[in-house]
Amino acid sequence: MAPSLDFSRWWAKGNTSKGNPVVVTMENPNYSVLEINGPDEVFRPVDKDRGKNAKQFTWVLLLKAHKAVGCVAWLGNILWSLLGSIKKRLIFGQGVTVENEKSGKGRTLYRVIMGFLVMALAFLAFELVAHLKGWHYFQTNSLHIPQTLEIKGWLHSVYFVWLEFRADYIAPAIQALTNFCVALFLIQSADRMLLCLGCFWIKFKKIKPRFEETPLKSDDLEGAGCYYPKVLVQIPMCNEREVYEQSISAVCQLDWPKERLLIQILDDSDDDSIQWLIKGEVAKWNQRGVNITYRHRLVRTGYKAGNLKSAMNCDYVKDYEFVAIFDADFQPNPDFLKLTVPHFKDNPELGLVQARWAFVNRDENLLTRLQNINLCFHFEVEQQVNGVFLNFFGFNGTAGVWRIKALEESGGWLERTTVEDMDIAVRAHLNGWKFIFLNDVKVLCELPESYEAYKKQQHRWHSGPMHLFRLCLPAIISSKMMFWKKANLILLFFLLRKLILPFYSFTLFCIILPLTMFVPEAELSMWVICYVPVFMSFMNILPSLRSFPFIVPYLLFENTMSVTKFNAMVSGLFKLGSSYEWVVTKKAGRSSEPDLLAVEERESKAMNHPQLYRGTSDSGLSELNKLIEHQEAGPKPPVKKLNKIYKKELALAFLLLTAALRSLLSAQGVHFYFLLFQGVSFLLVGLDLIGEQMS
């Protein structure tokens with residue numbers, strides 16, 4: 001029953017007016033609202049209070065109607081803009097490029113999705129004809145077999161044959177796959193719940209890694225209480241024009257004795273101008289007394305792993321005990337080494353100390369906000385819980401300090417996968433080394449701001465682990481680790497969190513759910529579609545509560561990304577061509593304002609330092625200055641940004657929207673809304689309307 005709108009009794013309580021009275025003047029087509037702060041001259045007492053209450057009640061309804069009209073207009077503008085983008089990009093193809101499907105598996109997945117779409121459109125047309133003719137043979141998903149006398153004509157006979165075939169053959173197969181995916185969904189949800197409970201326990205008990213507080217005095221390096229081992233810092237980069245300067249500047253200002261610190265800039269750039277810019281930055285800091293060196297490989301194989309492996313083969317590396325690794329967009333604070341390296345003291349089994357990431361552009365757009373939710377959960381919950389209870393987690397590839405002995409005993413950097421960080425972490429764990437995660441030590445970095453860059457990053461992050469799983473499985477089984485550690489590596493670390501998650505997410509919400517609209521005999525319960533996903537999304541968003549308003553977009557976007565993750569998982573598992581594809585993540589070179597001011601202050605102090613060390617000749621700097629002047633003098637071509645059309649996402653969008661139309665025939669409310677919003681989410685991503693565009 002609809003709620004009653006009779007507020008007259010409630011409105012008539014008390015004779016004194018509360019708050020300021022409001023006068024509403026209707027001027028077609030707008031409403032103007034006037035607030036009176038003075039005495040109540042407009043609403044003078046009358047003999048009958050009933051007339052006064054009716055007027056005020058009418059005015060309140062008019063105000064609410066005005067707000068509703070504004071909301072409808074806002075939704076109408078959004079719909080109109082979306083339709084305009086569809087017309088501009090799909091029909092006229094203005095300013096867009098089509099996604100290039102390099103791998104055969106990507107093309108196969110697209111054809112499969114298109115097959116489902118064509119089948120869904122055919123089913124929808126069939127069901128519309130049956131609905132218009134009044135052939136309703138199922139109530140509450142229970143199939144009614146019509147009698148011979150009820151069959152009317154050949155079309156009716158064909159529809160009856162379809163109903164029997166659907167109930168006897170299609171529905172059982174879909175229901176079996178549904179039950180399997182729901183079981184995986186519940187197992188993965190239970191794993192997430194255990195991780196969250198572990199995080200709550202850590203917070204409640206205030207558990208965190210600590211080291212013995214010893215004074216670090218740079219003026220007494222040989223003192224008994226000092227711990228200043230020799231540290232090697234590596235920054236691997238490749239064509240990082242936007243971020244090379246700020247990363248080198250941050251690393252060169254680490255608070256550590258200069259004679260016990262060596263910085264390696266490992267440049268794999270194939271652009272000569274970028275090489276000269278990085279060389280000039282290295283020369284600048286070399287002149288300021290920083291022990292920094294520039295390395296460039298002639299044979300650029302193995303991507304980042306090959307770059308790090310080449311640097312570790314230098315003769316002088318044997319003089320250093322630890323190595324800190326930072327990607328090109330990372331900006332560590334000056335006290336980073338003082339907060340991480342002391343954990344190795346008196347702990348010979350410790351092989352890795354990993355710091356947390358912090359993001360300078362997390363509020364840049366909707367895409368970066370959604371990424372921040374995922375990564376906050378990854379560090380706050382997954383990495384911290386695994387570090388505290390298991391002393392093992394996947395190395396994040398940057399913002400970490402390794403004991404060089406642990407790297408060497410584990411086989412060093414290998415070029416066999418695109419996730420060299422996870423590879424070395426698994427091999428070190430098999431060799432008995434322990435890891436520590438420091439949730440309080442944060443290193444600034446940058447999130448991808450375009451969907452194109454984010455998609456390529458996620459493809460590498462999900463195809464690499466499956467490729468690595470194929471390679472590491474025999475070593476894990478034959479290792480001398482305890483059984484429960486082997487089970488954790490195989491069942492939880494690889495299968496559950498890297499394979500099962502993208503499999504059931506894509507299969508359940510992108511394939512099975514639309515099919516159940518056309519095969520109502522196969523049921524998908526509302527708690528699977530709504531209650532559990534919303535609850536798990538709420539658990540994921542807890543580490544970043546300020547992102548709570550984005551919980552619904554986060555849930556829809558995670559389901560949208562499942563097609564990319566599923567494709568990457570299959571590519572890595574079956575060792576397809578795209579599983580060994582590395583694309584450098586595009587960066588914008590952003591820095592937070594306080595960090596820019598701090599860097600400027602530190603650089604000004606360094607420039608006023610009276611002593612300069614001529615570590616390089618001035619000839620390189622002069623050539624660099626000429627190159628910069630030539631680039632500034634020449635005309636700069638206009639930067640043209642293009643949107644991409646993602647065919648798989650668009651095909652799934654139309655499949656989900658078709659299923660939403662079909663759900664209207666059976667009055668499935670929650671299913672309709674979920675399919676509608678999820679289809680719109682796929683449509684926005686397929687048209688590249690989320691995040692920035694690539695230049």
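Residues numbered from 1 in each chain as written. Predicted model: local features only at pLDDT ≥ 70, side-chain atom pairs only at ≥ 80, totals over all residues. Heavy atoms only, no water.

> Just checking my understanding: could you explain the side chain of lysine 304 for this structure?
Here lysine 304 is to be found in helix H7 (residues 303–312). Only 2.7 Å separates the side chain of lysine 304 from the backbone oxygen of glycine 397, close enough to count as a polar contact. When near neighbours in sequence (up to four residues on either side) are disregarded, lysine 304 contacts Pro236, Asp327, Gly397, Glu420 and Trp582. (Helix = DSSP H or I, 4+ residues; strand = E, 2+ residues; numbered from the N terminus. Polar contact = N/O pair within 3.5 Å; in protein donor to acceptor, adjacent residues only side chain to side chain. Contact = heavy atoms within 4.5 Å.)

> Looking at this structure, I do not really get the pairing of strand E8 (residues 292–296). What am I missing?
Successive residues of a regular strand alternate their side chains across the two faces of the sheet. As paired elements, strand E7 (residues 261–267) and E8 share five bridges and run parallel to each other. Residue pairing in the sheet places leucine 266 in a bridge with arginine 295 of E8. Note that the unit made of E7, helix H6 (residues 272–287) and E8 has a crossover that is right-handed. (Pairing = 2+ DSSP bridges. Right-handed = clockwise from strand over helix to strand, strands pointing away.)

> What am I meant to see in helix H9 (residues 366–390) here?
Since the α-helix packs 3.6 residues into each turn, any two residues three or four apart lie on the same face. Its 25 residues place the ends of H9 34 Å apart at the C-alpha level, agreeing with the 36 Å of an ideal helix rising 1.5 Å per residue. At histidine 378, H9 shows its largest bend, some 30°. Where burial is concerned, most of H9 is hidden: 18 out of the 25 residues are buried. Two to three positions downstream of the cap, the backbone nitrogen of leucine 367 sits 3.0 Å from a side-chain oxygen, assigning the N-cap of H9 to asparagine 365. A positive phi of about 55° marks asparagine 391, the residue just after H9. (Expected span 1.5 Å × (residues − 1). Bend = angle between axes of the 7 residues up to and from the residue. Buried < 20%, exposed > 50% of the residue type's maximum accessible area, 1.4 Å probe, protein only.)

> Looking at this model, I keep getting lost on empty space enclosed by the protein. Mind explaining?
Going through the model one piece at a time under the given rule, you end up with three cavities of 30 Å³ or more. Around the largest cavity, the lining residues are Arg362, Asp363, Arg369, Asn372, Arg546, Ser547 and Phe550. Here the residues of the lining of the largest cavity are counted per class, giving one nonpolar, two polar and four charged. (1 Å grid on protein atoms, 1.4 Å probe; cavity = no way out; pocket = protein on both sides within 12 Å on 5 of 7 lines; lining within 4 Å. Points joined across faces, edges and corners; volume = space filled by probe spheres on them. Nonpolar A, V, L, I, M, F, W, Y, C, P; charged D, E, K, R; others polar.)

> Please explain the nonpolar core as it appears in this structure.
In globular proteins that are soluble, nonpolar side chains generally tend to be buried together. Ranked by size, the top nonpolar core spans 143 residues in total, and within it Ile248, Ile265 and Trp402 carry the most contacts. With 18 residues, helix H13 (residues 483–518) is the largest single contributor of residues to this core. When near neighbours in sequence (up to four residues on either side) are disregarded, isoleucine 248 contacts Ile235, Met237, Ile265, Ile278, Glu281, Val282, Trp285 and Ile292. Core analysis: the next-biggest nonpolar cluster, separate from the first, contains 13 residues, Leu370, Tyr451, Tyr554 and Tyr646 among them. (Core = buried A, V, L, I, M, F, W, Y, C linked by side-chain atoms within 4.5 Å.)

> What exactly am I supposed to notice about the packing of H9 against helix H15 (residues 551–573) here?
Each pair of packed helices gets described by two things: the angle between the helix axes and the distance between those axes. At a closest axis distance of 10 Å, the pairing of H9 and H15 adopts a crossing angle of 85°. For the element pair H9 / H15, the angle class is roughly perpendicular. Facing H9, whose interface residues are Leu367, Leu370, Ile373 and Asn374, H15 presents Pro553, Tyr554, Phe557 and Glu558. Per-class residue counts for the contact of H9 with H15 are six nonpolar, one polar and one charged. (Axes fitted to C-alpha atoms, helices over the stretch in contact; angles between N-to-C directions. Parallel < 35°, antiparallel > 145°, perpendicular 65-115°, else oblique.)

> Is there a simple way to think about the pattern of salt bridges in this case?
Any two side chains of opposite charge can pair, given that their charged atoms come close. Under the criterion given, the structure shown has 22 salt bridges. Residues glutamate 349 and lysine 434 are paired through a salt bridge, measuring 3.2 Å at the closest nitrogen-oxygen approach. One end of the pair, glutamate 349, is in the loop between helix H8 (336–340) and strand E10 (350–359); the other, lysine 434, is in strand E12 (residues 434–445), and 85 residues separate them in sequence. Where aspartate 363 meets arginine 369, a salt bridge forms, and the shortest distance between an N and an O atom there is 3.4 Å. (Salt bridge = Lys/Arg side-chain N within 4 Å of Asp/Glu carboxyl O.)

> Explain the sheet that holds strand E9 (residues 322–325) to me, please; I cannot follow it from the model alone.
Spatial strand order, E8-E7-E6-E9-E11-E10-E12: seven strands in an open sheet with mixed pairing. Looking at which strands have only one partner, the edges of the open sheet turn out to be E8 and E12. The sheet shows a mean angle of 20° between the axes of neighbouring strands, taken without regard to direction. Bridge count between E9 and strand E11 (residues 400–403): four bridges; the pairing is antiparallel.

> Can you help me understand the packing of helix H14 (residues 526–541) against H15 in this one?
At a minimum axis distance of 10 Å, the contact between H14 and H15 shows a crossing angle of 110°. Viewed along their axes, H14 and H15 adopt a mutual orientation that is roughly perpendicular. Here Pro533, Val534, Ser537, Phe538, Asn540 and Ile541 of H14 lie close against H15, whose contacting residues are Ile551, Tyr554 and Leu555. Taken together, the residues that form the contact of H14 with H15 break down as seven nonpolar, two polar and no charged.

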